[in-house]
Amino acid sequence: MGTLTNGVLVDPLLQFGVLLQCPRCASRLSGMECSVCAFEIHINDGILHALPEERSQHFARFAQDYQFIRAAEGRSSNSDNFYLDLPYHDITGRNSNQWQIRARSYDHLIDHVLYRSVARGGLILDVGAGNCWMSYRLALTGYRPVAVDLVTNGFDGLGAAKHYQVRLPSLFPRFRADMEHLPFQDAQFDCAIFNASFHYSEDYATTLRSVLRCVRIGGLVTISDTPWYSREERGKQMLRERRAAFLKTYGTSSDALESQEFLTDERLRDLEEKLSIRWKVHTPHYGFKWAMRPLKAKLLRRREPSRFRIYVARKNA
């Protein structure tokens, strides 16, 4: 991950130009320890742990359930190729349909958002990075990603980035941190991306305010692969069905956090008003069968299926 000189991580944080602040009291850090509240960011297996104990306890049950369910769903492999091929190919075949969606979202994000607005070499915050496949792809493309997640395990969390070392000269910085208390000083990133992660937020406005603080003026915040529903009740119906299915299959409803779980146009407008932003909505093409899902559900009198879009906002002040 790097070496410490006078308490400062010099590689690759200094190469990336990442400046830190205390996630507990928001004081600027010159090293890894806060001189105000004594919180210390420590490094374990190349991951910078910037989650205070009280926040770790807050997320403990959620993280336990999340990791258990993800493992049961087959979202990992012992093969480097599993991770190196994502999102374009799932060699396990267990979640191929979902990865096809991720691949098309990513391609649209790259071609129609990043290439047009963020120069190569731009600093990008990957919020909710999971196994870091997006950070890996961004690094290959010439961007400088910084990955953030709560989960650090080696199969579906930040630790899985070890598989990318065979293709990258050095790994990007990885932080165990809370998206509402990010350990970064203001106005550093050219873009922040919520990669299938925004719906885990407990408070959308608080989460976005935290991320916008870290983005420079003129920079972007994007939300990708968070489910959208036309009405609030339909999203809540999905949530009830999913929790019941999880309870039956895994023995837990995975509701330790009061996550927001989905978007609606009303929720998006509310965020625009609260944060003085404006969303530009992108609709990637996911194929004919995907496009026909709402009509099929209506004909069969089933619940409205989720839809995915990419939402982009520019920080103006």
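Computed from a predicted model, the values in this text were never measured in an experiment.

Re helix α4 (residues 96-117)
Link 1 in the chain: The terminal C-alpha atoms of α4 lie 30 Å apart, and with 22 residues this matches the ideal 32 Å at 1.5 Å per residue to within 8%.
Link 2 in the chain: The largest bend in α4 comes to about 35°, at I110.
Link 3 in the chain: Looking only at α4, the buried set comprises W99, I101, R102, A103, S105, Y106, H108, L109, I110, V113 and L114.

Quick look at the environment of R120
Link 1 in the chain: Looking at the secondary structure, you find R120 in the loop between α4 and β5 (123-127).
Link 2 in the chain: On the accessibility criterion, R120 (52% relative accessible area) is exposed.
Link 3 in the chain: Residues R120 and R144 lie 24 residues apart in sequence; the distance between their C-alpha atoms is 8.4 Å.
Link 4 in the chain: In this structure, R120 is in contact with Y115, T141, G142 and Y143, ignoring residues within four places of it in sequence.
Link 5 in the chain: Reaching out from R120, the side chain makes a polar contact with the backbone oxygen of T141 at a distance of 3.2 Å.

Focus on the pattern of salt bridges
Link 1 in the chain: Evaluated as defined, the whole model comprises 15 salt bridges.
Link 2 in the chain: Across the pair R307 and E304 runs a salt bridge, and its minimum N-O distance is 2.9 Å.

Things to note about unusual backbone geometry
Link 1 in the chain: Looking along the chain, the bond that leaves L86 and enters P87 is cis, with omega of 5°.
Link 2 in the chain: Relative to the assigned elements, P87 resides in the loop between α3 (80-85) and α4.
Link 3 in the chain: One non-glycine residue, R301, lies in positive phi territory at about 60°.
Link 4 in the chain: Structurally, R301 can be placed in the loop between α10 (293-299) and β11 (310-314).

Examining a nonpolar patch on the surface
Link 1 in the chain: Residues F288, M292, L295, L299 and L300 make up a contiguous nonpolar surface patch of about 530 Å² in total accessible area.
Link 2 in the chain: Along the chain, M292 falls in the loop between α9 (288-291) and α10.

Criteria and cut-off values
Residues numbered from 1 in each chain as written. Predicted model: local features only at pLDDT ≥ 70, side-chain atom pairs only at ≥ 80, totals over all residues. Heavy atoms only, no water. Helix = DSSP H or I, 4+ residues; strand = E, 2+ residues; numbered from the N terminus. Expected span 1.5 Å × (residues − 1). Bend = angle between axes of the 7 residues up to and from the residue. Buried < 20%, exposed > 50% of the residue type's maximum accessible area, 1.4 Å probe, protein only. Contact = heavy atoms within 4.5 Å. Polar contact = N/O pair within 3.5 Å; in protein donor to acceptor, adjacent residues only side chain to side chain. Salt bridge = Lys/Arg side-chain N within 4 Å of Asp/Glu carboxyl O. Patch = residues over 30% accessible without salt bridge, like charges linked within 9 Å, V, L, I, M, F, W, Y side chains within 5 Å. Areas by Shrake-Rupley, 256 points an atom, 1.4 Å probe, with all protein chains shown as cover.

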